Amino acid sequence: MSVQILMPALSPTMEEGTLAKWLVKEGQAIKAGDVIAEIETDKATMEVEAVDEGTLAKILIPEGSEGVKVNTPIAELTADGEEAGAPPPAPEAKSERSDQASKKDDAAREPVSSPVHGGGGSLSEAKADGGGASPSPSKSRTATPLNREEAAVPWGEIPNGTKTEIQTVREALRDAMAEEMRRDAAVFLMGEEVAQYQGAYKISQGLLDEFGPKRVIDTPITEQGFAGLGVGASFAGLRPIVEFMTWNFAMQAIDQIVNSAAKTLYMAGGQMGSPIVLRGPNGAAARVAAQHSQNYAAWYAHVPGLKVVAPYFAADAKGLLKAAIRDNNPVIFLENEIVYGRSFPVPVMDDLVLPIGKARVVKPGNDITLVSLSHSMGLILDAADELAKDGIDAELIDLRSVRPLDTATVIASVKKTNRLVVVEEGWPICSISSEIAAQVQGDAFDYLDAPVMRVTGKDVPMPYAANLEKLALPSLDEVMSAAKAALYR
Amino acid sequence: MSKTATAPSGNAALLTQFYRDMLLIRRFEERAGQLYGMGLIGGFCHLYIGQEAVVVGMQAAIEPGDQVITAYRDHGHMLAAGMEPNGVMAELTGRSGGYSKGKGGSMHMFSREKNFYGGHGIVGAQVPLGTGLAFANRYRDNDRVCLTYFGDGAANQGQVYESFNMAAVWKLPVVYVIENNQYAMGTAISRSTSETHLHRRGVSFNIPGEEVDGMDVEAVYAAGRKAVEHCRKGSGPYILEMKTYRYRGHSMSDPAKYRTKEEVQEMREKHDPIEGLRAKMIAAGVGDEAALKAIDKEIRDIVAGAAEFAQLSPEPEPKELWTEIYA
């Protein structure tokens, strides 16, 4: 009986990878545990071991294939003495890949696509051409189509006509750190696995080679210790970038962040403060359950003395990280594991520095304002496309920072659209959206034609089961329902 | 007085400085206690009375540019670091003339100029911070050393050992000065601590440690010189366990029922660091009663002036509420 060897998932968030190399040949006998292939994810090159014994009958995916989806059969194994089975259907990986060029952005969280969430792919360019946006006959005006390439670039903050290049958020973050380390010898990076391992999520790839072990420092697993050490070094005038492998682990360090980093400037009557950047992935990844899937945006946004940044697009990630490193205050920089691998256009500039504390209108619109941040931006981008089908012209705002929180931009938008939906991944109680709702009712009460609608993570610890996890997170359906409720449709 | 070769331990100027500095702390703290009783100082107020020899001996062992950080029993450290008594006392009364303009209070005071990095209110939190100051020295390849003070209570905090580990791995120039006054608030060390010889706490990190009579300023100074030199030449961290004693409660609101009056009395009578030094100086002919009395008078005047300044200095302007939150 033949056994199919499937493309394995090598991390919680991996959806596809490159089959870099076959280490066995067709016809070769294989024992369980033999290393048979090398697979590259966006984070690492991993070895694949055989689980079953037999003879490698057929290689189905040749080496060098990119974009091989998890669970695609990659080879066939027969028990000794058997013949190889009939040739399998041609692998789909190649063709899917070419359809998908440079649109990792659209890779939905769920490997099993939900009907509304992209169906495996590429909403973006069809929509950008206006092809998908058929206005509902009942509407008198058509919606401005969402151009995702435009939305990804902070055009209002950089010179018109600046060239862009496609980069992953991961690369943009790495470049931001490298540029700032070249610029200022007081900047250094420390954290678990940032140096020799090149970063648990490969954000610090190449930095050890360029800057050496004095400035790219592997720490022991000791969050409270190295966070405090970083804050102390910042008191002395250095500019540490402290990476938490994820923000979940920074709970061990939250006393140093809040009591030592955030408050010292005030307690010292201005004599000394903490110019430190604390960064790492925040929020739910995929299937890592309650202790590894928390969103800290609202937690840190609560603390005077901290600045809190949570970008989505690569350009914002780069420009805001550079700003954070130059800032004389402690900056909490919230990244997102799922977003790391997404590709966006990034302006090619010597020095892309963006303002902390400014939201960005990523798509103008007249009918309703959708506000979000970080990974959840993906939901409102999709929602804008869906709403456009009904002729509803949504204005999209990426908060980018949550402290300072740029409610002025949100309020200006509400005064135009009169309707507001805020989408965030974190818990609902005392959240970013509850704060925005409070401020909008205070400053734009008379402009609201409907209650402020909120779509948040559910008020539960993150469950492990795939279906429950999906229910716990905000969904496109929920955003659409909220938008329609605000529109009384 | 000529440079005395007769003084058995150190030169006359140094002993006189020790005496003066310890006395300043003692009188300052007594006055702070009085002002607290009058309602002029609020909140928590942790007095250093009894432990003066530790900080005075250690501060004499460092050089300008070396850094100091400690916890909330910090008034003595600030005075020993050369900060102005007026500014410290005015911070205790919450006035604009205080080191933090009245916004920090007893537990949170800093001086960039004197390299005093606080003044931290969370038990043990200053230990990673001090380790980070030492890290900055190493990063800059200078030969500065950081003194990181903490107590026997903080010695049971996990972050202390996280710091020990990093300091040893990276050979950071930090002297961990454990002020073992034998009570973590109301809990005697024997009730809370499996290894009560705290200088041994670095053993599993390969950090050398030493027990020192913290009631003897000369012993502290000698041990401090050695430890600082060890750090300054790049040999990594060093632990000094100072056996000391606080006469007053943990804070002003602590009646100290967890120990006997006799125990306190015994320490005051037989081990007082100031009386001990005074007797030694007179015996060695370093100072006579008249000279020491003159110092006493000078200190009383300084402290009286500080208390007056701290009461006359205005409260901070209401607008100060909103300043210095961001740089």
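Before reading on, note that the structure itself is shown above.
To start, this report covers the structure provided alongside it.

Reading guide: rules and limits
Residues numbered from 1 in each chain as written. Chains lettered and ligands numbered in written order. Predicted model: local features only at pLDDT ≥ 70, side-chain atom pairs only at ≥ 80, totals over all residues. Heavy atoms only, no water. Helix = DSSP H or I, 4+ residues; strand = E, 2+ residues; numbered from the N terminus. Rg over C-alpha atoms; globule rule 2.2 N^0.38 Å. Buried < 20%, exposed > 50% of the residue type's maximum accessible area, 1.4 Å probe, protein only. Contact = heavy atoms within 4.5 Å. Buried area = accessible area lost by both parts, 1.4 Å probe. Salt bridge = Lys/Arg side-chain N within 4 Å of Asp/Glu carboxyl O. Polar contact = N/O pair within 3.5 Å; in protein donor to acceptor, adjacent residues only side chain to side chain. Nonpolar A, V, L, I, M, F, W, Y, C, P; charged D, E, K, R; others polar. Core = buried A, V, L, I, M, F, W, Y, C linked by side-chain atoms within 4.5 Å. Disulfide = S-S within 2.5 Å. Right-handed = clockwise from strand over helix to strand, strands pointing away.

With that settled, consider the overall build of chain B. When helices and strands are counted, chain B shows 11 helices and 7 strands. Taking 2.2 N^0.38 as the reference for a compact globule, 327 residues should give roughly 20 Å; the C-alpha atoms of chain B span a radius of gyration of 19 Å, in line with that estimate. Taken along its principal axes, the extent of the C-alpha atoms in chain B is 55 × 50 × 40 Å. Residues classed as buried in chain B amount to 58% of the 327 residues present.

Glancing now at the interface of chain A and chain B. Listed per partner, the contact involves 46 residues of chain A and 38 residues of chain B. For the pair chain A and chain B, the summed buried area comes to about 3,400 Å², and 63% of that belongs to carbon and sulfur atoms. Where chain A meets chain B, there are 1 salt bridge. Where chain A packs against chain B, one counts 22 residue pairs in polar contact (both at pLDDT 80 or more). Within the residue set of the side of chain A that touches chain B, elements represented by two or more residues are strand 10 (187-191), strand 11 (216-218), helix 6 (223-235), helix 7 (254-262) and helix 8 (264-267) of chain A. It is helix 6 of chain A that contributes the most residues to the side of chain A that touches chain B, 10 residues altogether. Partitioned by chemical class, the residues of the side of chain A that touches chain B number 22 nonpolar, 17 polar and 7 charged.

The next point concerns the nonpolar core. In terms of nonpolar packing, the biggest core is built from 82 residues, with F244, W247 and I257 of chain A together with F135 of chain B touching the most fellow members. Top contributing element to this core by residue count: helix 5 (residues 126-139) of chain B, with 7 residues. Ignoring any residue separated from it by four or fewer positions in sequence, one finds W247 of chain A in contact with I257, L278, R279, G280, P281, N282, Y296, Y300, I332, F333 and L334 of chain A. Within the second largest apolar cluster, 70 residues are counted, among which are V228, Y238, Y247 and I274 of chain B.

So, on to unusual backbone geometry. The residue after R403 of chain A, namely P404 of chain A, is reached through a cis peptide bond having omega -5 degrees. In this fold, P404 of chain A is placed in the loop between strand 20 (401-403) and helix 13 (407-417). The phi angle at N71 of chain A is positive, at roughly 80 degrees, despite the residue not being glycine. Since its relative accessible area comes to 52%, N71 of chain A is described here as exposed. Even without being a glycine, K101 of chain B presents a positive backbone phi close to 60 degrees. Within the element layout of this structure, K101 of chain B appears in the loop between helix 4 (85-92) and helix 5. Relative accessible area serves as the criterion here: at 26%, K101 of chain B is assigned to the partly exposed category.

This part takes up the state of the cysteines. Residue and element names in this part refer to chain B. Within the structure shown, the criterion is met by 0 disulfides over all chains. C146 carries a free sulfur, and the closest cysteine sulfur to it, the one in C231, is 9.4 Å from it. Exposure remark for C146: the relative accessible area of 0% places this residue in the buried category.

Turning to the pairing of strand 21 (residues 420-423) of chain A, a few remarks are in order. Here strand 21 of chain A shows no split at all, with L420 and V422 of chain A on one side and V421 and V423 of chain A on the other all buried. Crossover connection from strand 21 of chain A via helix 14 (residues 432-443) of chain A to parallel strand 22 (residues 453-455) of chain A: handedness right-handed.

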